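Residues per chain, in single letters:
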Amino acid sequence: MLTREKQAPELLKEEQVAETISGSEALIKILLAEGVDTIFGYPGGAIMPIYDALYDYQDKVNHVLVRHEQGGIHAGQGYARSSGKVGVVFATSGPGATNLITGLADAQIDSTPLVCITGQVFAHLLGTDAFQEADVISISAPVTKWNYQITDANEIPEVLAKAFYFAKSGRPGPVLIDIAKNAQLQKFEYKGYNRCDHVRSYRPKPIVRKEYIEQAAEVINAAQKPFVLWGQGIMLGSAEQEFKAFIEKSGIPAAWTIMGAGSLPSDHPQNVGMLGMHGNYGPNVLTNECDVLIAIGMRFDDRVTGRLDKYAKQAKVIHFDIDPSEIDKNVKTTVPVWGDCKETLPLLTELIEPKQHTEWLQKFREYEKQEIDAVIQDELFPTSEEMTMGEVIQQLNEQTKGEAIIVTDVGQHQMVACRYAKLNNTRSNITSGGLGTMGFALPAAIGAKFGAQDKTVVAVIGDGGFQMTLQELGTIMQSGVDVKILILNNQFLGMVRQWQELFHERRYSFVDITSPNFVTVASGYGIAGKSISKREELQGALAEMLTHQGSFLLEVMVTKENNVFPMVPQGCSVSEIRLK
């Protein structure tokens, strides 16, 4: 996290007329100046002055009343991930603020830009255990990029300028600004808002060192079996076109982390699939056979690497990242390339030799054929009586043509959706990657739709995760947002059950979950729905969901004890990946 010491940012100067207004009204004016069009929030006592100021600006900004602050921050994440803008969230003090913590941690590990505004008790009550007082600054410090407590309204313009700058610059992340109630009510001379573009002690992007790019090009040009791994950094840097140009000139096979999915279309001939514990067979096995491993905008998470002492030891490693702390953190790098990949990739592309690597790429396709025969065919086109999660996603692909935004929760359905969903566009795969937050998908899908209103948004959720945040159906009901909810119900906490089957001798300990009638629950919120259990119903039910005017909940009953394969067992090398 960045230091929280008070620093005066250098501001973009604008000539504006001073006016005497409250801290709360100044805050709303600042949000409008930053281009904020949507706020996800829940009012309460300590943030009431801000909501009172918001009352006069309802024609200029859309406030979405969520049903729980965790739902609010996940909606803010979904909005940020689909739109590329900063998500904005309001919450009151005490339990309102602490309910944001899971979402802050999720946003921090997944580099999602948020500005969260929390109300706080009057400054003179701080530290007295006043009603709904919580030290949210200390609590949120480990899970924010920056946080700050305002006790004087005069601080609001500069602190908010820094908040948006920190949230969206460099490696993005969540910022929390805690505003004491007296500062919200205080009248002060507001001299207008000037955006921040520099803070002395903060360097959002490291200086690009061209000698390292030259070294990287030299290693790549000499490689016989190079392999590219890409992550969300491509998307965060808006470098999709630069990345595609590099891939196509180099001819190198490329695989993605779940956070990077969509930056290169699923059907691109050099896209060889998904990395990681439940990734594709070839990318995992051949990681330990390549001679040069080129990592771009990814952080070598443990779910990607498996055992580090057996990870790509034969390869020279080139690591492109905007955050120098990620270089050499988990995997020792041969050539580190610091910087924004939108800047570094064109420099590299200019220096590399055009190649094809046809035989090397064919090796990935041979492993793909093995995976199709052993896993994919039966998952997508099963002959069993019960439906599989994979065939549901396959049918969804047929109808969305890869143009929908797919928002997933956490568990077996997440891995199946990430593996099989067809994605033609960037920012079309939204999931909780690093933290793995069950309950993420429903509110995140709500936010994603507000951030990309021209897109179809499908929330793919398990029966367990859906019950963690289903109260956000109320947000859908009140706002009228159009979200398609696809529940893949296997009547288990499926991923935990899979591990208990494979590694704990089928001792199913508290994973058999009983669920309500989801269609009846949805109808209570005025949301249309349907539940199906027969294969012949699937195609028509998906079409009904996708063409329905407004939100729709479709529950698909799938086989109870199906496992997600391939799988790299915990503690194993990626080359020890299991097909069964």
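Residues numbered from 1 in each chain as written. Predicted model: local features only at pLDDT ≥ 70, side-chain atom pairs only at ≥ 80, totals over all residues. Heavy atoms only, no water.

A short note on the sheet that holds strand β19 (residues 457-462)
The strands making up a sheet associate through hydrogen bonds between their backbones, and the pairing can be parallel or antiparallel. The strand order across the open sheet formed by six strands is β18-β17-β19-β20-β22-β21, and the pairing between neighbours is parallel. This sheet does not close on itself; its edge strands, each paired only once, are β18 (429-430) and β21 (528-532). Here five bridges tie β21 to strand β22 (residues 552-557), and the two strands are oriented parallel to one another. Looking across to β22, one finds that G529 is bridged to L553. (Pairing = 2+ DSSP bridges. Helix = DSSP H or I, 4+ residues; strand = E, 2+ residues; numbered from the N terminus.)

A word on the pairing of β22
Extensive coverage of β22 is indicated by the burial of five of its six residues. As defined by bridge partners, strand β20 (residues 484-489) adjoins β22 across six bridges and the pair is classed as parallel. Within β22, the position partnered with I485 by the bridge is L553. This β-α-β element, β21 to helix α23 (residues 535-547) to β22, shows right-handed connectivity. (Buried < 20%, exposed > 50% of the residue type's maximum accessible area, 1.4 Å probe, protein only. Right-handed = clockwise from strand over helix to strand, strands pointing away.)

Focus: the packing of helix α3 (residues 69-83) against helix α5 (residues 101-109)
Packing of α3 against α5 leaves a shortest axis separation of 8 Å and a crossing angle of 20°. The angle between α3 and α5 falls in the class roughly parallel. Between α3 and α5 lies a crossing whose hand is right-handed. The residues of α5 that touch α3, namely those facing Q70, I73, H74 and Q77, are T102, G103, L104, D106 and A107. A per-class count over the contact of α3 with α5 returns three nonpolar, five polar and one charged. (Axes fitted to C-alpha atoms, helices over the stretch in contact; angles between N-to-C directions. Parallel < 35°, antiparallel > 145°, perpendicular 65-115°, else oblique. Left-handed = near helix turned anticlockwise from the far one by under 90°. Contact = heavy atoms within 4.5 Å. Nonpolar A, V, L, I, M, F, W, Y, C, P; charged D, E, K, R; others polar.)

Re unusual backbone geometry
Note that the residue after F565, namely P566, is joined by a cis bond; omega there is 0°. Looking at where P566 falls in the secondary structure, it is placed in the segment after β22. One non-glycine residue with positive phi stands out, namely A312, at about 50°. Inspection of the secondary structure assignment puts A312 in the loop between α13 (302-305) and β15 (316-321). Overall, A312 belongs to the buried group, its relative accessible area being 4%.

Looking at the environment of L286
As for its position among the elements, L286 is in helix α12 (residues 281-287). When its relative accessible area of 0% is taken as the criterion, L286 is described as buried. Along the chain, L286 and K225 lie 61 residues apart, while their C-alpha atoms are 9.4 Å from each other. Not counting the four nearest positions on each side in its chain, L286 is found in contact with W360, K363, F364 and Y367.

Regarding the side chain of Q394
Positionally, Q394 belongs in helix α16 (residues 389-400). Q394 has contacts with L380 and F381, leaving out every residue within four places of it along the chain.

Some remarks on the sheet that holds strand β3 (residues 38-41)
One open sheet holds the six strands; their spatial order is β4-β3-β5-β6-β8-β7, and the pairing between them is parallel. If you trace the sheet from one side to the other, it starts and ends with β4 (62-65) and β7 (146-150), each paired once. With direction set aside, neighbouring strand axes in the sheet form an average angle of 20°. In the sheet, β3 pairs with strand β5 (residues 87-91) via two bridges, with the strands oriented parallel. Residue pairing across strands places G41 opposite F90, the latter belonging to β5. Across the sheet, helix α1 (residues 23-33) touches β3, β5, β6 (114-120) and β8 (174-180), and the angle it forms with β5 is around 165°. Its contacts with the sheet put helix α7 (residues 156-168) on β5, β6, β7 and β8, and the angle it makes with β7 is roughly 165°.

What to know about empty space enclosed by the protein
Evaluation of the coordinates by the stated rule reveals one cavity of 30 Å³ or more. Counted as a void, the largest cavity has a volume near 40 Å³. W256, A261, G262, L264, S266, N271, C418, A421 and L423 together form the lining of the largest cavity. Here the lining of the largest cavity is composed, by residue class, of six nonpolar, three polar and no charged. (1 Å grid on protein atoms, 1.4 Å probe; cavity = no way out; pocket = protein on both sides within 12 Å on 5 of 7 lines; lining within 4 Å. Points joined across faces, edges and corners; volume = space filled by probe spheres on them.)

A word on the packing of aromatic side chains
Inspection of the entire model under this criterion finds 18 aromatic pairs. Aromatic pair W146 and F166: ring centres 5.1 Å apart, planes at 65°, arrangement edge-to-face. With W146 in strand β7 and F166 in helix α7, the pair connects residues that are 20 residues apart, well separated along the chain. The buried category is assigned to W146, whose relative accessible area is 0%. Three or more aromatic residues joined by ring pairs make a cluster, and in this case those are W146, Y148, Y165, F166 and Y202. The ring of F492 carries R497 above its face, with NZ or CZ at 5.8 Å from the centroid. (Phe/Tyr/Trp six-rings, centres within 6.5 Å; stacked < 30°, edge-to-face > 60°. Lys NZ or Arg CZ within 6 Å of the ring centre and 35° of its normal.)

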